[in-house]
Amino acid sequence: MRIRTEQIKEAGRHYTFSEPASAFPVLDEMEKAGECRFYSSVAVELTAAKEMDCYRITGSLSVPVGLCCSRCLADFEQTLSSRFTFFFHESKYNEQPDEEELELAEQDLVSVTFQGDEIDLLPEIGEQAALSIPLKPLCSDLCKGLCPVCGADNNKEACNCGQSLEFSKFSALRNFKVNSSQIPDKNRL
Ligand SMILES: [Zn+2]
Ligand SMILES: [Zn+2]
């Protein structure tokens, strides 16, 4: 995932890359830690353009990933996608970039320094892909999760535990809709 800077012109040039997730150290680590599974390569499309004092890389990535639902613990597959813009500044004098200053100036735009006549996109793309993986994956926004009392998967079967916690049958029925969407996720069990 390298671009030779001499190929980058002001008009911009289009590139596509496909790289197995295991080629990205940050993604490889996540997979080995059991946080997710990658079913196929990370696909990247981008445009590189020369600007006044830097190279602007704009594009998107997508990768199919297997995740575990944080509410019902079921495995599911989701294709993650993410858009990015990086500014690569050439560092000619082995200077160390002042990261604090760059963060303040660019906010959500990523500014990176590089040396030599090639830009290596691998670290930034890997970081971007890792950021697109949800911290609390959900198989569906409507996932009802596991019952905290009896452990039943409330997506597959309804149990009566929620009702017996109520003071009366009447209030249980009246609040049924609200309760079914408020079943705690696994982190609160
Ligand atoms: Zn779920
Ligand atoms: Zn239950």
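It should be noted that the structure appears before, not after, this text.
Rules used throughout
Residues numbered from 1 in each chain as written. Chains lettered and ligands numbered in written order. Predicted model: local features only at pLDDT ≥ 70, side-chain atom pairs only at ≥ 80, totals over all residues. Heavy atoms only, no water. Donors = N, O, S within 2.8 Å, 3.2 Å for Na, K, Ca; no water. Buried < 20%, exposed > 50% of the residue type's maximum accessible area, 1.4 Å probe, protein only. Tetrahedral: all angles 85-135°; square planar, octahedral: opposite > 155°, others 65-115°. Salt bridge = Lys/Arg side-chain N within 4 Å of Asp/Glu carboxyl O. Helix = DSSP H or I, 4+ residues; strand = E, 2+ residues; numbered from the N terminus. Axes fitted to C-alpha atoms, helices over the stretch in contact; angles between N-to-C directions. Parallel < 35°, antiparallel > 145°, perpendicular 65-115°, else oblique. Contact = heavy atoms within 4.5 Å. Nonpolar A, V, L, I, M, F, W, Y, C, P; charged D, E, K, R; others polar.

Draft legend 1. Region of interest: the coordination of the zinc ion (ligand 2). Within the protein, the atoms that donate to the zinc ion (ligand 2) are Cys-147 (SG), Cys-150 (SG), Cys-159 (SG) and Cys-161 (SG), at distances of 2.3 Å. Spacing between the donor residues of the zinc ion (ligand 2) along their common chain follows C-x2-C-x8-C-x1-C. Overall, Cys-150 belongs to the partly exposed group, its relative accessible area being 44%.

Draft legend 2. Seen up close, the coordination of the zinc ion (ligand 1). Donor atoms from the polypeptide that bind the zinc ion (ligand 1) are Cys-69 (SG), Cys-72 (SG), Cys-139 (SG) and Cys-143 (SG), placed at 2.3 to 2.4 Å. Angles of 106 to 112 degrees at the metal separate the four donor atoms of the zinc ion (ligand 1), which places the site in the tetrahedral class.

Draft legend 3. Spatial organisation of the pattern of salt bridges. Per the stated rule, a full pass over the model turns up nine salt bridges. Where Glu-118 meets Arg-2, a salt bridge forms, and the shortest distance between an N and an O atom there is 3.3 Å. With Glu-118 in strand S8 (residues 118–120) and Arg-2 in strand S1 (residues 2–4), this pair connects stretches of sequence that are 116 residues apart. A salt bridge links Arg-4 to Asp-117, with the nearest nitrogen and oxygen atoms 3.2 Å apart. Within this pair, whereas Arg-4 is found in strand S1, its partner Asp-117 is found in the loop between strand S7 (110–114) and S8, the two being separated by 113 residues in sequence. Since its relative accessible area comes to 31%, Arg-4 is described here as partly exposed. Asp-117 gets classed as partly exposed once you look at its relative accessible area, which sits at 43%.

Draft legend 4. Seen up close, the packing of helix H1 (residues 25–32) against helix H3 (residues 122–131). Where H1 contacts H3, the axes come no closer than 7 Å and their chain directions differ by 40 degrees. On the basis of the axis angle, H1 is oblique to H3. Contacts between H1 and H3 involve Pro-25, Val-26, Leu-27 and Met-30 on the former and, on the latter, Leu-122, Gly-126, Glu-127, Ala-129 and Ala-130. Each residue belonging to the contact of H1 with H3 can be placed in one class, and the counts come to seven nonpolar, one polar and one charged.

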